[in-house]
Each structure stands twice: as structure tokens, then as C-alpha cells.
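Working through the structure, step by step
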Amino acid sequence: MTGKSNTAEAESPEPAANDPFAPEHFLRAITEVGTMLATIYDRRTGLTRNQTRIVIELLERDGQTQTELANALAIHKVSAGIYVGELEEMGLVERRTHPTDGRAKCIYLTPLLHANKHIGQHHYERLHAAAIDGIAREDYLAMLKSLERMRDNLLELDATEKKQASSL
């Protein structure tokens, strides 16, 4: 009887990595997909991940200050300045005097970037097609709905934690 007990105790439970509901499984899967998308996109465009993030942010809202860009991307203002400087050297963005505050500069996408943005969009389209290859439409839509729900849950958690931290 002792032998059976020892044998049962020696067997370890299935590793968390094999459990699809384990937090580690989720974090690894979501991180690996994001990393692969960014790695392939970076390789195809010649831009770094952070340069791409700045371009995307400016495509959504052109003319932001460096501070606004840093806040939107949740990065340090100095880091934003470095990435903007790199993009400026490539001729993809330019700094112009702020329309109402002559001391500040706003960052704008250049005509060169606008003339070539279709290339980046084409890369995204091809990556998207490759990533979803073999996934049924219903499964894809369910995944998007789930990801949106996760985002909303995390936004709510973030707001709650910020509120709690500010009340301390």
C-alpha cells in the first residue's frame, strides 16, 4: 500500500502549459502572436516596432506633440523623441511649430509617408491573411469578440486600480 501511495505522489499533475485555461498558456499564446506579427512586419518594412507604433498613432491623429505621442503610446517622452528623430531622418515625419503655442512642436507625417503608406497597409493585409489562414469565419469573429471583451475587462481593471491608487 505504501508503494502505491508513493507512486501516486511522485506523479506530477499535467503542466500548466498544457492547460488552455492556465494564465501562462494565454500569456504565452497572445505574446507569441503579437511578437511574430511585429517581427515579420518590421522585417518587411524596415521600421522598428516603436517607429511603426508612432506612424500608426499619427495616421490616427496627425500633429501631436511629443508628450501627447508618448502618453498615447505609454512610453517615456525621451524615447518618443528618439523614435521621432529616427523617423524624421528617414523623411517620414516632420516637426512643425505648434499652431497656438510657439514654444512647442507638433509631429506630422510627411508627403513621402502618405505616398508610401499603401506599402505598409499591404504588408498588414498579407500578414493578416497569413495569420487567419485556415480559421473559419465564425471562429475568427468569436475570437475578435473575445479579445474585445478581454480588452474591456482589462480597461475596467486598470481604471479600478488607478482609482484605488489615487485614493491612497
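Preceding this section is the structure that the text describes.
None of the values given here were measured: they were computed from a predicted structure.

1. A few points about the packing of aromatic side chains
With the rule as written, the count across this model stands at one aromatic pair. Ring centres of Tyr41 and Tyr124 lie 4.2 Å apart, and the angle between their planes is 10 degrees; this geometry places the pair in the stacked category. One end of the pair, Tyr41, is in helix H2 (residues 23-45); the other, Tyr124, is in helix H6 (residues 111-132), with 83 residues separating them in the sequence.

2. Overview of the layout of surface pockets
In this structure, the largest pocket encloses a volume near 920 Å³. Lining the largest pocket are 26 residues, and of these Ile30, Val33, Leu37, Met143 and Leu147 lie nearest its centre. Elements with a minimum of two residues in the lining of the largest pocket: H2, helix H3 (49-60), H6 and helix H7 (137-166). Residue contributions to the lining of the largest pocket peak at 10 residues, all from H2. Looking at the lining of the largest pocket residue by residue, the class counts come to 18 nonpolar, five polar and three charged. Of the voids in this model, the second largest pocket is the one considered here, and its volume is about 340 Å³. What lines the second largest pocket is a set of 17 residues, among which Tyr41, Leu47, Asn116, Lys117 and Gly120 lie closest to the centre.

3. Some thoughts on the environment of Thr39
Note on placement: Thr39 falls in helix H2. Look at Thr39 and you get partly exposed, because its relative accessible area is 31%. Between the alpha carbons of Thr39 and Arg49 there is a distance of 8.0 Å; along the sequence they are 10 residues apart. A distance of 2.7 Å separates the side chain of Thr39 from the backbone oxygen of Thr35, its partner in a polar contact.

4. So, H3
Over its 12 residues, H3 runs 17 Å from end to end, which matches the ideal 16 Å to within 8%, given 1.5 Å per residue. When we look at burial in H3, the residues that qualify are Gln51, Thr52, Ile54, Val55, Glu57 and Leu58.

5. Some remarks on the pattern of salt bridges
Note that side chains of opposite charge can pair when their charged atoms are close. Using the criterion set out here, one finds six salt bridges in the structure. Salt-bridge contacts for Asp42 lead to Arg49; the nearest nitrogen and oxygen are separated by 3.7 Å. Across the pair Arg151 and Asp152 runs a salt bridge, and its minimum N-O distance is 3.0 Å.

6. Description of the nonpolar core
With 14 residues, the main nonpolar core has Ile54, Leu58, Leu69, Val84, Leu87, Val93 and Ile107 as its most contacted residues. Mapped by element, the contributors of at least two residues to this core are H3, helix H4 (66-73), helix H5 (77-89) and strand S3 (105-109). Every residue in contact with Val84, bar those within four places of it in the chain, is listed here: Ile54, Leu69, Val93, Arg95 and Ile107.

7. Quick notes on the pairing of S3
Across the five residues of S3, four count as buried, placing the element largely inside the fold. Pairing of strand S1 (residues 64-65) with S3, which is carried by two bridges, proceeds in the antiparallel orientation. Each bridged residue has a counterpart across the sheet, and for Gln64 the counterpart in S3 is Ile107. In the sheet, strand S2 (residues 93-97) pairs with S3 via five bridges, with the strands oriented antiparallel. Pairing of Glu94 across the sheet is with Tyr108, part of S3.

8. Comments concerning H2
The end-to-end C-alpha separation of H2 is 33 Å, in line with the 33 Å expected for 23 residues at 1.5 Å each. Inspection of H2 places Ala38, Ile40, Tyr41 and Asp42 among the buried residues, and these make up the whole buried set. Turning to H2, the residues buried within the fold contact H3 and H6.

The rules behind the values
- Residues numbered from 1 in each chain as written.
- Predicted model: local features only at pLDDT ≥ 70, side-chain atom pairs only at ≥ 80, totals over all residues.
- Heavy atoms only, no water.
- Phe/Tyr/Trp six-rings, centres within 6.5 Å; stacked < 30°, edge-to-face > 60°.
- Helix = DSSP H or I, 4+ residues; strand = E, 2+ residues; numbered from the N terminus.
- 1 Å grid on protein atoms, 1.4 Å probe; cavity = no way out; pocket = protein on both sides within 12 Å on 5 of 7 lines; lining within 4 Å.
- Points joined across faces, edges and corners; volume = space filled by probe spheres on them.
- Nonpolar A, V, L, I, M, F, W, Y, C, P; charged D, E, K, R; others polar.
- Buried < 20%, exposed > 50% of the residue type's maximum accessible area, 1.4 Å probe, protein only.
- Polar contact = N/O pair within 3.5 Å; in protein donor to acceptor, adjacent residues only side chain to side chain.
- Expected span 1.5 Å × (residues − 1).
- Salt bridge = Lys/Arg side-chain N within 4 Å of Asp/Glu carboxyl O.
- Core = buried A, V, L, I, M, F, W, Y, C linked by side-chain atoms within 4.5 Å.
- Contact = heavy atoms within 4.5 Å.
- Pairing = 2+ DSSP bridges.

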